[in-house]
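# Working through the structure, step by step
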Amino acid sequence: MKRKHLLGLQELSAEEINTILDTARPMRDIIMRDIKKVPTLRGKTVATLFYEPSTRTRSSFELAAKFLSADTLSLNVAVSSVQKGESLIDTVRTIEAMGVEILVVRHQQSGVPQFIAAHTKMSVINAGDGFHEHPTQALLDLYTIKQKFYKIKDLRVAIIGDIFHSRVARSNIWGLLKLGAEVTVCGPPSLIPVEISKLGVRVETNLDRTLAWADVINVLRIQKERQDKGYLTGFDEYRDWYGITREKLNQLQNKKILILHPGPINRGVEIDDYVAESPQAMVNEQVTNGVAVRMAVLYLLAGGSDNGVTI
Amino acid sequence: MKRKHLLGLQELSAEEINTILDTARPMRDIIMRDIKKVPTLRGKTVATLFYEPSTRTRSSFELAAKFLSADTLSLNVAVSSVQKGESLIDTVRTIEAMGVEILVVRHQQSGVPQFIAAHTKMSVINAGDGFHEHPTQALLDLYTIKQKFYKIKDLRVAIIGDIFHSRVARSNIWGLLKLGAEVTVCGPPSLIPVEISKLGVRVETNLDRTLAWADVINVLRIQKERQDKGYLTGFDEYRDWYGITREKLNQLQNKKILILHPGPINRGVEIDDYVAESPQAMVNEQVTNGVAVRMAVLYLLAGGSDNGVTI
Amino acid sequence: MKRKHLLGLQELSAEEINTILDTARPMRDIIMRDIKKVPTLRGKTVATLFYEPSTRTRSSFELAAKFLSADTLSLNVAVSSVQKGESLIDTVRTIEAMGVEILVVRHQQSGVPQFIAAHTKMSVINAGDGFHEHPTQALLDLYTIKQKFYKIKDLRVAIIGDIFHSRVARSNIWGLLKLGAEVTVCGPPSLIPVEISKLGVRVETNLDRTLAWADVINVLRIQKERQDKGYLTGFDEYRDWYGITREKLNQLQNKKILILHPGPINRGVEIDDYVAESPQAMVNEQVTNGVAVRMAVLYLLAGGSDNGVTI
């Protein structure tokens, strides 16, 4: 992979995505301690700059860096110069000037990682920007699907929930389509953007039909703040219409669909306890695979070879 | 030690406690730089998950891990998924799935570390749970006593202060009794739980008699929030009755009792400046020994040999 | 350098300052990855204790420590025992007892690092105390000047802005005078302390005359909180009188003065966008040099040789 940045899956080729997924496999063995931690990134410094709090994603990136023996710098935006009114680019340049080589950034505004990438010599990894992309989340979802089905092509994948506000949905759509999957988005009409069908995905508002169709479902997290803005009439009603419940799974009889969720789970809202605990649910696998794909991305952006990881 | 978790001293045998104390001795030499830092835990990852803020205990665990060359992950609960309503067990499973092997947890509710241990493959270390146990604090107290008296058996140890709300008191009682010490608890009647005498400790409300009796006193921290709830009539009155003052020490004439305090000290409340600064007070020794016993616990839980540390 | 602490430039000799600057040169090569990271401080532990928030300076120190393979401990004062009313010295003794060897401290009160140094066995580095000193900032400014002019002696350096509240100004004055520079301070009369001329600096309130005179200007950050206290009548008025604007630079015609700023920049207040982006402005160079001089200071305080760094 000859890229310097990972800004989104929209701009990657199928081959590039597959390179990352293939590289993640030995990385997973390091996490599972089947092979020993390696000093591949020794002497490199990875900084995380999060304008939205997320212990989960930030920790995943930091552990990925540490498993490869990189140094890490965690920039707490709440108490940083940002408060003193420093501009985004001044912050980025300062980090670069301190000797950081890879910057992992999350920002509430779409396009910020792209903007930063245009103004720095560091490698930039998008850890989520507005409603735009969250590429490493989609990569870990793809990895988890491939782990179970040994392929992505021709699989039927449904993304269920608040599509409108979801960068996870957008990155998944790009990645799945590029690798040849069929994609359906399913959710309340108010939470499905009208232009989404132009991307080549099916739009569905009926959950039963969606479940009957799918091999894999990716259940999005319902966020409280959305409810306040009038997109949802209530959590209970949402659960009645789109919640993945025991009954819904039982309706499918012998068909065992794979269930993904980016976490953290709102148990009893978008997914029930019984479902989250079922062997079909990949929630914890996804977390492990998240560290693995982030290791792969760090490794490849730092100049690691495509032709098999030499670790 | 064949245990996987350190949840409390109540469940440990005297032999197990002594194994930890013996293992802590060479660890202390590492802290004092008498012997070099060793890579015993290289490739292991230790996470701290604190639901109550405590820079002191958290730093002690993190330095202990670093002195053994482990990687550390500090999970800031205030800004984490916990805010997003994620369940405790989901948080723990996420940490486990990221490749963490040892979890150090503090929680305001008694029993949480036990609950976690039942639901994870990680080793769990209790860094304080409600009013229940704080085992590494008691281990460092035991270590400090043994360092001075070369034994615990038959020593007279008094624990002074708010026994009711103190996990430090409870863990100390278990540890001291198991190693054969005589234990007295001393404090205002409102702060001594009635059932405590069943454990085999003497109950005393008179400080002078307690000091006359003791070889060692462990002076608990008086916490402001307790006062608000009506357990104490005032700091000044507490000091008059139970404060360890210069006059109290002088009354003992040539008898030099050993003075422990878990820190941070409320100077002028439960202990006076003069006393805290006297050579009998072990406050800073305790801090060093705290890192040492935590290194020993990390080492042993990670599978280190009982028969002498091979470092 | 036989010193144990770095508390301020006032107490250093010219020779000591030059030793630090000379040592910083190979350190800079490590940051730029021209030479590999070295384990010079392996096994040493560096703690940062900041009573004022500053991601910028704290990160610089932590990266400096990591580039030399030291362990780091970041003490977040906001959530620490300090809240529980622990005294400063108790906090410091606890850190020392945990096995930390070098303490980097920032405090809003002048003299705190000196006070700490008198009460600890650790090496203490002043990362800014009240309006007193910020020695590593001045060292990086000196390094940046020397990098461009190959000397400090006989250079004309003007420090512009709020001299009164600036520890950066004070440390710069000491360092520049010791190395033989001529120094002018320039700013609104309300922000220049009357006794400053006794140090041997020129006092100037006219920016045009100052710029015409100077080889180097060090533009101080204007802090909002000062304005509230009546020292400044307004940001716009400040900019009119003391802002470094494109027009001011153009007035100098072919004379290219070197422009320093400690960052973060208030663009459009003390310095204009155009100026901050000009090749004369050393803002990012200063950041890199900041890590380098901090590495040099850590190395020398930890006992590194003066006669050339053996790395």
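Residues numbered from 1 in each chain as written. Chains lettered and ligands numbered in written order. Predicted model: local features only at pLDDT ≥ 70, side-chain atom pairs only at ≥ 80, totals over all residues. Heavy atoms only, no water.

### Some thoughts on the overall build of chain A
- Helix and strand content of chain A: twelve helices and nine strands.
- Buried positions account for 63% of the 311 residues belonging to chain A.
- Of all intrachain contacts in chain A linking residues separated by at least 6 positions in sequence, the fraction that spans at least 24 positions is 74%.
- Placing the 39 positive and 35 negative side-chain charges of chain A at their respective mean positions leaves the two points 4 Å apart. (Helix = DSSP H or I, 4+ residues; strand = E, 2+ residues; numbered from the N terminus. Buried < 20%, exposed > 50% of the residue type's maximum accessible area, 1.4 Å probe, protein only. Contact = heavy atoms within 4.5 Å. Lys, Arg positive; Asp, Glu negative; His and termini not counted. Charge placed at Lys NZ, Arg CZ, Asp CG, Glu CD.)

### Details of the relation of the copies chain C and chain A
- The two copies are related by a screw operation: chain C maps onto chain A through 120 degrees of rotation and 0.0 Å of translation along the axis, at an RMSD of 0.0 Å. In short, the pair behaves as if placed about a three-fold rotation axis. (Least-squares fit on C-alpha atoms with pLDDT ≥ 70 in both.)

### Here's the deal with the side chain of threonine 23 of chain B
- In this structure, threonine 23 of chain B sits in helix H1 (residues 14-31).
- Polar side-chain contacts of threonine 23 of chain B include one of 2.6 Å to the backbone oxygen of threonine 19 of chain B. (Polar contact = N/O pair within 3.5 Å; in protein donor to acceptor, adjacent residues only side chain to side chain.)

### Here's the deal with the interface of chain C and chain A
- In this complex, chain C contributes 21 residues to the contact, which on the side of chain A involves 22 residues.
- Of the roughly 2,000 Å² buried between chain C and chain A on both sides combined, carbon and sulfur atoms contribute 49%.
- Three residues stand out in chain C for area buried against chain A, namely Arg33, Thr55 and Leu63 of chain C, and they jointly supply 26% of the buried area on that side.
- Joining chain C to chain A, the criterion identifies three salt bridges. (Buried area = accessible area lost by both parts, 1.4 Å probe. Salt bridge = Lys/Arg side-chain N within 4 Å of Asp/Glu carboxyl O.)

### Digging into the packing of aromatic side chains
All names here are of chain B.
- This model, assessed by the stated rule, comprises three aromatic pairs over all chains.
- Ring centres of tyrosine 238 and tyrosine 242 lie 5.7 Å apart, and the angle between their planes is 40 degrees; this geometry places the pair in the tilted category. One end of the pair, tyrosine 238, and the other, tyrosine 242, are both in helix H9 (residues 235-242), four residues apart, so they sit about a helical turn from each other. The same class applies to tyrosine 238 as to tyrosine 242, namely buried.
- Over the face of the ring belonging to tryptophan 213 we find arginine 202, whose NZ or CZ atom lies 4.9 Å from the ring centre.
- The cationic tip of arginine 246 hangs over the ring face of tyrosine 274; the distance from NZ or CZ to the ring centre is 3.9 Å. (Phe/Tyr/Trp six-rings, centres within 6.5 Å; stacked < 30°, edge-to-face > 60°. Lys NZ or Arg CZ within 6 Å of the ring centre and 35° of its normal.)

### A few points about a positive patch on the surface
- Among the surface-exposed residues, Lys36 and Arg42 of chain A, Lys36 and Arg42 of chain B together with Lys36 and Arg42 of chain C lie close enough to one another that they form a single positively charged patch.
- As for its position among the elements, lysine 36 of chain A is in the loop between helix H1 (14-31) and strand E1 (45-50). (Patch = residues over 30% accessible without salt bridge, like charges linked within 9 Å, V, L, I, M, F, W, Y side chains within 5 Å. Areas by Shrake-Rupley, 256 points an atom, 1.4 Å probe, with all protein chains shown as cover.)

### Thoughts on the pairing of strand E3 (residues 102-107) of chain A
All names here are of chain A.
- Taking burial as the measure, the six residues of E3 include six buried ones, the bulk of the element.
- Residues of E3 alternate between two faces, with Ile102, Val104 and Arg106 on one and Leu103, Val105 and His107 on the opposite face, all of them buried.
- Note that E1 and E3 share five bridges and pair parallel. If you follow leucine 49 over to E3, its bridge partner there is valine 105.
- As paired elements, E3 and strand E4 (residues 123-129) share five bridges and run parallel to each other. Within E4, the position partnered with isoleucine 102 by the bridge is serine 123.
- Handedness of the crossover joining E3 and E4 through helix H4 (residues 112-117) is recorded here as right-handed. (Pairing = 2+ DSSP bridges. Right-handed = clockwise from strand over helix to strand, strands pointing away.)

### Observations regarding the sheet that holds strand E2 (residues 71-76) of chain C
- Spatially, four strands are ordered E2-E1-E3-E4 (chain C) in an open sheet, and the strand pairing comes out parallel. Unpaired on one side and paired on the other, E2 and strand E4 (123-129) of chain C mark the two borders of the sheet. Across the sheet, the mean angle separating the axes of adjacent strands is 15 degrees when strand polarity is ignored.
- Across the sheet, helix H2 (residues 55-67) of chain B touches strand E1 (45-50) and E2 of chain C, and the angle it forms with E2 of chain C is around 170 degrees. (Axes fitted to C-alpha atoms, helices over the stretch in contact; angles between N-to-C directions.)

### Thoughts on the interface of chain A and chain B
- In this assembly, 21 residues from chain A lie in contact with 22 residues from chain B.
- With both sides pooled, the region where chain A packs onto chain B buries about 2,000 Å², and carbon together with sulfur makes up 49% of that total.
- When the area that chain A buries against chain B is broken down by residue, the three leading residues are Arg33, Thr55 and Leu63 of chain A, summing to 26%.
- Here glutamate 277 of chain A makes a salt bridge to arginine 93 of chain B, at a shortest N to O gap of 2.9 Å.
- Scanning the region where chain A abuts chain B turns up nine residue pairs in polar contact (both at pLDDT 80 or more).
- Among the secondary structure elements, those contributing two or more residues to the side of chain A that touches chain B are helix H2 (55-67) and helix H12 (283-301) of chain A.

### A short note on the pattern of salt bridges
Residues and elements named next belong to chain A.
- Going through the model one piece at a time under the given rule, you end up with 42 salt bridges over all chains.
- Two residues, arginine 167 and glutamate 52, come together in a salt bridge whose shortest N-O distance is 2.9 Å. Of the two residues, arginine 167 sits in helix H6 (residues 167-178) while glutamate 52 sits in the loop between E1 and H2, which places them 115 residues apart along the sequence.
- Take glutamate 52: its relative accessible area is 22%, and that puts it in the partly exposed class.

### Looking at unusual backbone geometry
- Here the bond from glycine 263 of chain A into proline 264 of chain A is cis, since omega is -10 degrees, no more than 30 degrees from zero.
- Along the chain, the position of proline 264 of chain A falls in the loop between strand E9 (258-260) and helix H11 (273-276).
- Phi is positive for serine 69 of chain B, which is not a glycine, with a value near 70 degrees.
- With respect to the element layout, serine 69 of chain B can be found in the loop between H2 and strand E2 (71-76).
- Phi is positive for aspartate 154 of chain C, close to 65 degrees, though the residue is something other than glycine.
- Take aspartate 154 of chain C: it is sitting in the loop between helix H5 (135-149) and strand E5 (156-160).
- We classify aspartate 154 of chain C as partly exposed; its relative accessible area is 47%.

### So, the domain arrangement of chain A
Residue and element names in this part refer to chain A.
- Looking at the assigned domains, one finds that chain A contains domain 1 (14-133 + 287-301) and domain 2 (135-285).
- On a C-alpha basis, the centroid separation for the pair domain 1 and domain 2 is 26 Å.
- The interface is formed by 29 residues belonging to domain 1 together with 27 residues belonging to domain 2.
- Buried area between domain 1 and domain 2, summed over both chains or domains, comes out near 2,300 Å², and the portion from carbon and sulfur atoms is 57%.
- Counting across the interface, domain 1 meets domain 2 through two salt bridges.
- At the junction of domain 1 with domain 2, the criterion picks out 15 residue pairs in polar contact (both at pLDDT 80 or more).
- Put simply, the parts of the chain that give the side of domain 1 that touches domain 2 at least two residues each are H1, H2, E3, E4 and H12.
- It is H1 that provides the largest number of residues to the side of domain 1 that touches domain 2, a total of nine residues.
- Looking at the side of domain 1 that touches domain 2, its residues break down into eleven nonpolar, nine polar and nine charged. (Domains from an automatic or database assignment. Nonpolar A, V, L, I, M, F, W, Y, C, P; charged D, E, K, R; others polar.)

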